[in-house]
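Chain residues, written in single-letter form:
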Protein chains: 2
Amino acid sequence: MAQEKEATSAMEWRIKMADGSSESLAPTEARGCPGIAWLALKGLVVGLVMKVCDFLKKAWDLGHNEPRKVIHGVKVGMALTAVSLFYYMRPLYEGVGGNAMWAVMTVVVVFENTVGATLSKSINRICGTLLAGFLAIGIHWIADRSGKDFEPFIIAFSVFLLASAATFSRFIPSVKTRFDYGAMIFILTFSLVSVSGYRVDELFDLATQRMSTIIIGTCLCIVITMIICPIWAGEQLHMLITGNMDKLANSLDGCVADYFNDSGDFAGSDKESDKKLLGYKCVLGSKATEESMANFARWEPAHSRFNFRHPWKQYLKIGASMRNCAYCIEALNGCVSSENELTKKHISNIAIKVSSRSSIVIKELARTMKTMKKSSAIDLLVGEMNNAVLELQEDLKSLPNLFINPKPLLQEPECPENNTTTKAEAEATALMDIIPLVTLASLLIEIVARVEGMVSAVEEVAKLAEFKAVGAEKANQNQTSNKIVPNQSAHQRV
Amino acid sequence: MAQEKEATSAMEWRIKMADGSSESLAPTEARGCPGIAWLALKGLVVGLVMKVCDFLKKAWDLGHNEPRKVIHGVKVGMALTAVSLFYYMRPLYEGVGGNAMWAVMTVVVVFENTVGATLSKSINRICGTLLAGFLAIGIHWIADRSGKDFEPFIIAFSVFLLASAATFSRFIPSVKTRFDYGAMIFILTFSLVSVSGYRVDELFDLATQRMSTIIIGTCLCIVITMIICPIWAGEQLHMLITGNMDKLANSLDGCVADYFNDSGDFAGSDKESDKKLLGYKCVLGSKATEESMANFARWEPAHSRFNFRHPWKQYLKIGASMRNCAYCIEALNGCVSSENELTKKHISNIAIKVSSRSSIVIKELARTMKTMKKSSAIDLLVGEMNNAVLELQEDLKSLPNLFINPKPLLQEPECPENNTTTKAEAEATALMDIIPLVTLASLLIEIVARVEGMVSAVEEVAKLAEFKAVGAEKANQNQTSNKIVPNQSAHQRV
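Rules of the game
- Residues numbered from 1 in each chain as written.
- Chains lettered and ligands numbered in written order.
- Predicted model: local features only at pLDDT ≥ 70, side-chain atom pairs only at ≥ 80, totals over all residues.
- Heavy atoms only, no water.
- Helix = DSSP H or I, 4+ residues; strand = E, 2+ residues; numbered from the N terminus.
- Buried < 20%, exposed > 50% of the residue type's maximum accessible area, 1.4 Å probe, protein only.
- Contact = heavy atoms within 4.5 Å.
- Areas by Shrake-Rupley, 256 points an atom, 1.4 Å probe, with all protein chains shown as cover.
- Phe/Tyr/Trp six-rings, centres within 6.5 Å; stacked < 30°, edge-to-face > 60°.
- Core = buried A, V, L, I, M, F, W, Y, C linked by side-chain atoms within 4.5 Å.
- UniProt positions renumbered as here; feature names shortened; annotations may be inferred.
- Domains from an automatic or database assignment.
- Buried area = accessible area lost by both parts, 1.4 Å probe.
- Salt bridge = Lys/Arg side-chain N within 4 Å of Asp/Glu carboxyl O.
- Polar contact = N/O pair within 3.5 Å; in protein donor to acceptor, adjacent residues only side chain to side chain.
- Nonpolar A, V, L, I, M, F, W, Y, C, P; charged D, E, K, R; others polar.
- Axes fitted to C-alpha atoms, helices over the stretch in contact; angles between N-to-C directions.
- Left-handed = near helix turned anticlockwise from the far one by under 90°.
- pLDDT = per-residue confidence, 0-100.
- Patch = residues over 30% accessible without salt bridge, like charges linked within 9 Å, V, L, I, M, F, W, Y side chains within 5 Å.

Student: Could you clarify how one ought to interpret the overall build of chain A in this entry?
Tutor: For chain A, the helix and strand inventory stands at 18 helices and two strands. Across the 494 residues in chain A, those meeting the buried criterion constitute 48%. Within chain A, residue pairs in contact and separated by at least 24 positions form 82% of the contacts whose partners lie at least 6 positions apart. For chain A, the exposed surface amounts to about 24100 Å²; the carbon and sulfur share of it is 61%.

Below is the structure:
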């Protein structure tokens, strides 16, 4: 309804502009049915135009934010234009004949966003076509020998059998992850060749022509995708994982700081907390992307800092350990909401310390992955994180003093002997108050354990990919600068 | 290494069988280089054979467990065999000419596992081909008018521009979810037509022939996919969601019961706990499947109990609320591990009650979805769940009595006045002991809140899809039978 209204007003404005007079279309009732229909049609058109404008705006924003996607579009356009040159250059055209169509088709179908995906599809296409071609020619030869009567039956039966089997094989996980496209191309080529073989006798000529066009198409794709602004699936995966680590660290910091800062000290916290929330949600939702990226990255040759046999599979383990951590942050974010300022203050410093120590460890892991150099500080940082946990546990032990004598705490938090009137009811209420706090502490401790899982997953990658060690001095520098930053921010916030 | 050993031993066995003699190949060193090479080759072949056998076994298991996937393979085989009949029937062949290839290609590319996916691809293919065909013919006409010199440039430029734009449009989310395949076909057809148009003058004839073959192919696919054992994406989504609900309920029950039953009362708990773990992990990992299913389900016509405009999008919300719940269960599963049997026993009954009440609610939601009938008992069950939470909170309030006087508890848990020597240290240790318990309780309370989120998501679906109400009597029956089962199991377990 709102859209309609908008559209109508926009149209009114347009008509005013066009006429230059002050005539308005408001008294439409007087104009009768055709007038209304005309108006409705115009409204519809304007609405459509606005929808298109909206779509174009979205597209523009996407292109503006991720110029790589625009570049990919341009690359595909270039590849297709290049391949259509075959039709215009007579010698080339006569070389491959009408089969040039297959080069165009190959480019359209094979050209993917990342190098790994393009390579995977190219290899799948070539292997699938070759295998199916040879098999089809073989079966055609057998069918040819067995006489005119049996020929159609043999071919139809072989098509049925192989198409069924190959289609089913696409469900098998090991085939699905790597050779799904190849299986499809196998079915396609086999059916086309064995069926057209009934008409055409020069099957070998046809096959060589088709293979050469497919190879031309794939080579063109591979060259263009690898030379012009290549987008490597491995690099994307690497950036995704390290970026998610940073987000996780920030959202851990943000969650705990927000909890102890409920009163809302600083303005504009909405956007900040939104961003914080976004952090772990990104980690929770990136499983499918990670898997497909890791799958494509395996096909890629060595590029920038990654070898051919870079342990991409191990990245999935890091991703899983990060998700484990994110589950806990999500639970923490959900189930802590306390109003008791007293107990909050009591452990806020140490809880923030634990969370900042954990996020320092996560950030150090992110740095390890980014620089691809072993961190010599990580053991120390993990040790500090564990020490913070021990401190937190010590602080928790002193909580009973707090909630047995809640009143005198404000002045002397450390003297439980002052007031010995231990009333069960007061305790009970106090315990209910500290439940969120205890939960927070307990989840923090669990998060620390899961961060250690991340540490070991990253260490495994570092071992498999043979990360180099950085100098001890540099690591110490990193470590001290790390220490200062979160503490500062914690102080600012508390 | 183990595989090699296995292969060698299998080979030895084979050779023994074949020879019938007791000659063994063990003293290979005596045979020299060719002997070793021969042995290595044989080992390789046997290893390969065993790998193939392993693969076939996996495939057999998959086919055995999910016969629908085999049926899909058979359906594709049938469709392809049917379409190749065009080549054998002369009148049909002469009708469509060499373009019959496009029918084969359409069947291979368009035939998908579910009806929704097949329909979506068919419609995408037809629309993409039509749109691109008309546009290409139009541009070809313009290029034709502008003289021989400009023709190639106009065509090349239009191919570049439209291919780039269409490729980029595939990244825009609204296009990606619904028209990704259509955009690809658009690029393909446009390039093929505008490029081949340079050679062939009878473009319209070609276009009609190609369209008719594509329509024949898609119609064949749609008919076969909808008539022979149809697999509806909507139904699959429905089954996935309801199945996941059951799994969630079971894993919630299992987690809490396991926690209070750490001593290991019953044998064979490994498998059971594995199954329990599997439950919520399925929920955590099914986001991508749910999204693609919901996307395909939108294209499907009314089938079995679902209307054309069934609120499939709302199912995604149910899925999200279930994942929310699963995050908490995952955190609960991770961060509770206590050894203090005393405090455990104190709240085990009520904690199990809360979890069983929650899982009853989830199971009732699953039943609502399965039967597609509004449950009249759900409000009552939610009320009971909330009452159980209140009881749990009451029980938590009585915990201080426990851990101030931990010793006399065994005999008289309800008399805190007996011993008034309140030692801070004892309290502290005791508090540390109950931390996991408090965390468990707190997470349970959060889970209950999230189960209520699931309830509202299901109610929204029930409203949008106009579920009918069941009779009050039947609901009561369900409810009482629900009540009994988990209580019994809880008693058996405790």
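What follows picks up the thread again.
Student: What should I look at first to understand the environment of B:Gly138 in this one?
Tutor: Residues and elements named next belong to chain B. Locating Gly138 in the fold gives a position in helix H6 (residues 115-145). Judged by its relative accessible area of 29%, Gly138 is partly exposed. Expressed as a C-alpha distance, the spacing of Gly138 and Ser194, which sit 56 residues apart in the sequence, is 9.3 Å.

Student: What am I meant to see in helix H5 (residues 100-110) of chain B here?
Tutor: Residue pairs spaced three or four apart in an α-helix point in one direction, given the helix's 3.6 residues per turn. The buried fraction of H5(B) is high, at 11 of 11 residues. Those residues of H5(B) that fall on the buried side of the exposure criterion are B:Ala100, B:Met101, B:Trp102, B:Ala103, B:Val104, B:Met105, B:Thr106, B:Val107, B:Val108, B:Val109 and B:Val110.

Student: Teacher, can you tell me more about the packing of aromatic side chains here?
Tutor: The geometry of an aromatic ring pair is captured by the separation of the ring centres together with the interplanar angle, meaning the angle of the planes. Under the criterion given, the structure shown has nine aromatic pairs over all chains. Summarising the aromatic geometry, the rings of A:Trp312 and A:Tyr315 are spaced 5.1 Å apart at their centres and angled 50° between planes, so their arrangement reads as tilted. Residue A:Trp312 and its partner A:Tyr315 are located together in helix H13 (residues 312-335), separated by three residues, close to a single helical turn. For the residue pair A:Trp312 and A:Tyr315, the accessibility class agrees, reading buried in each case. Judged by centre distance (6.4 Å) and plane angle (90°), the ring pair of B:Phe179 and B:Trp299 falls under edge-to-face.

Student: Just checking my understanding: could you explain the nonpolar core for this structure?
Tutor: Nonpolar side chains tend toward joint burial in soluble globular proteins. If you look at the biggest cluster of nonpolar residues, it comprises 134 residues, and the most contacted ones within it are A:Met245, A:Leu248, A:Ile318, B:Met245, B:Leu248 and B:Ile318. Listed in part, the 73 residues of the second largest apolar core include A:Ala163, A:Ile185, A:Leu203 and A:Leu206.

Student: What am I meant to see in the UniProt feature "transmembrane region" (unreviewed entry) in chain A here?
Tutor: Residue and element names in this part refer to chain A. Sites flagged by UniProt as "transmembrane region" (unreviewed entry) map to residues 69-88, 100-119, 126-142, 154-172, 179-200 and 212-233. With 80% helix and 0% strand, the stretch residues 100-119 has end C-alpha atoms that lie 21 Å from each other. Between the end C-alpha atoms of residues 212-233 there is a gap of 28 Å, over a span that is 77% helix and 0% strand.

Student: Just to check I follow, could you spell out the side chain of A:Asn124 for this structure?
Tutor: All names here are of chain A. Mapped onto the elements of the fold, Asn124 is located in helix H6 (residues 115-145). Overall, the relative accessible area of 5% leaves Asn124 in the buried class. What Asn124 contacts, discounting residues up to four positions off in sequence, is Arg178, Phe179, Tyr181, Gly182 and Trp299.

Student: I tried to follow the domain arrangement of chain A on my own but got confused; where do I start?
Tutor: It is common to give the size of an interface as the accessible area lost on bringing the parts into contact. Residues and elements named next belong to chain A. Domain annotation for chain A reports domain 1 (55-227) and domain 2 (233-262 + 271-404 + 427-468). Contact residues are listed per partner, giving 13 residues for domain 1 and eight residues for domain 2. Taking both sides of the interface into account, the surface hidden between domain 1 and domain 2 amounts to around 910 Å²; carbon and sulfur atoms contribute 65%. Among the residues of domain 1 in contact with domain 2, Thr114, Gly116 and Arg178 are the three that bury the most area, contributing 38% of the side total. Counting across the interface, domain 1 meets domain 2 through zero salt bridges. Connecting domain 1 to domain 2 are two residue pairs in polar contact (both at pLDDT 80 or more). When contributions to the side of domain 1 that touches domain 2 are tallied by element, the ones reaching two or more residues are H6 and helix H8 (173-196). With seven residues, the single largest contributor to the side of domain 1 that touches domain 2 is H6. Its residues assigned to classes, the side of domain 1 that touches domain 2 comprises six nonpolar, five polar and two charged.

Student: Even after reading the chapter, I still don't get the pattern of salt bridges, so can you show me in this structure?
Tutor: Once their charged atoms are close, side chains differing in charge can pair, the charge on each being opposite to the other. Counting across every chain of the model gives 21 salt bridges over all chains. It is possible to trace a salt-bridge network through shared partners that takes in A:Glu330, B:Glu446 and B:Arg450.

Student: Just checking my understanding: could you explain the packing of helix H5 (residues 100-110) of chain A against helix H9 (residues 203-227) of chain A for this structure?
Tutor: For any two helices packed against each other, the geometry comes down to the angle between their axes and how far apart the axes lie. Residue and element names in this part refer to chain A. H9 packs onto H5 with a crossing angle of 35° between their chain directions and a minimal axis gap of 8 Å. The handedness of the crossing between H5 and H9 comes out as right-handed. Between H5 and H9, the residues in contact are Ala100, Trp102, Ala103, Thr106, Val107 and Val110 and Arg210, Thr213, Ile214, Gly217, Thr218, Leu220 and Cys221, respectively. Split by residue class, the contact of H5 with H9 holds eight nonpolar, four polar and one charged.

Student: Explain the environment of A:Val76 here, please?
Tutor: Relative to the elements of secondary structure, A:Val76 occurs in helix H3 (residues 67-88). Look at A:Val76 and you get buried, because its relative accessible area is 4%. Measuring from C-alpha to C-alpha, the distance between A:Val76 and A:Glu112 comes to 8.6 Å, with 36 residues separating the pair along the chain. When sequence neighbours within four positions are dropped, the list of residues in contact with A:Val76 reads A:Phe111 and B:Thr167.

Student: Can you walk me through the confidence of the model for chain A in this structure?
Tutor: Regions with low pLDDT should not have their predicted coordinates read in detail. Residues and elements named next belong to chain A. In this model, chain A carries a mean pLDDT of 75, and residues with pLDDT of at least 70 account for 70%. The least confident element of chain A is helix H18 (residues 472-493), whose mean pLDDT is 41; the most confident is helix H12 (residues 287-297), at 89. Below a pLDDT of 50 lies the segment residues 1-30, which in the model reaches 21 contacts outside its immediate sequence neighbourhood of four places, other chains included. Here residues 472-494 is modelled with pLDDT under 50, and outside its nearest four sequence neighbours on either side it reaches 27 contacts, counting other chains as well.

Student: Explanation requested: a nonpolar patch on the surface in the structure shown.
Tutor: On the surface, a nonpolar cluster with roughly 500 Å² of combined accessible area is contributed by B:Trp38, B:Leu41, B:Leu44, B:Val45 and B:Val49. By secondary structure assignment, the location of B:Leu41 is in helix H2 (residues 32-65).

Student: Just checking my understanding: could you explain the environment of A:Glu384 for this structure?
Tutor: Residue and element names in this part refer to chain A. With respect to the helices, strands and loops of the structure, Glu384 is situated in helix H15 (residues 378-397). Relative accessible area serves as the criterion here: at 16%, Glu384 is assigned to the buried category. Remark: the alpha-carbon pair of Glu384 and Ile360, spanning 24 residues in sequence, is separated by 9.9 Å. At 3.4 Å, the side chain of Glu384 and the side chain of Arg357 are in polar contact.

Student: Help me understand unusual backbone geometry in this model?
Tutor: Negative phi values dominate among residues other than glycine, just as trans dominates among peptide bonds. Residues and elements named next belong to chain A. Residue Cys229 is not a glycine yet carries a positive backbone phi of 40°. Here Cys229 shows up in the loop between H9 and helix H10 (233-259). Looking at Cys229, the relative accessible area reads 44%, which means it is partly exposed.

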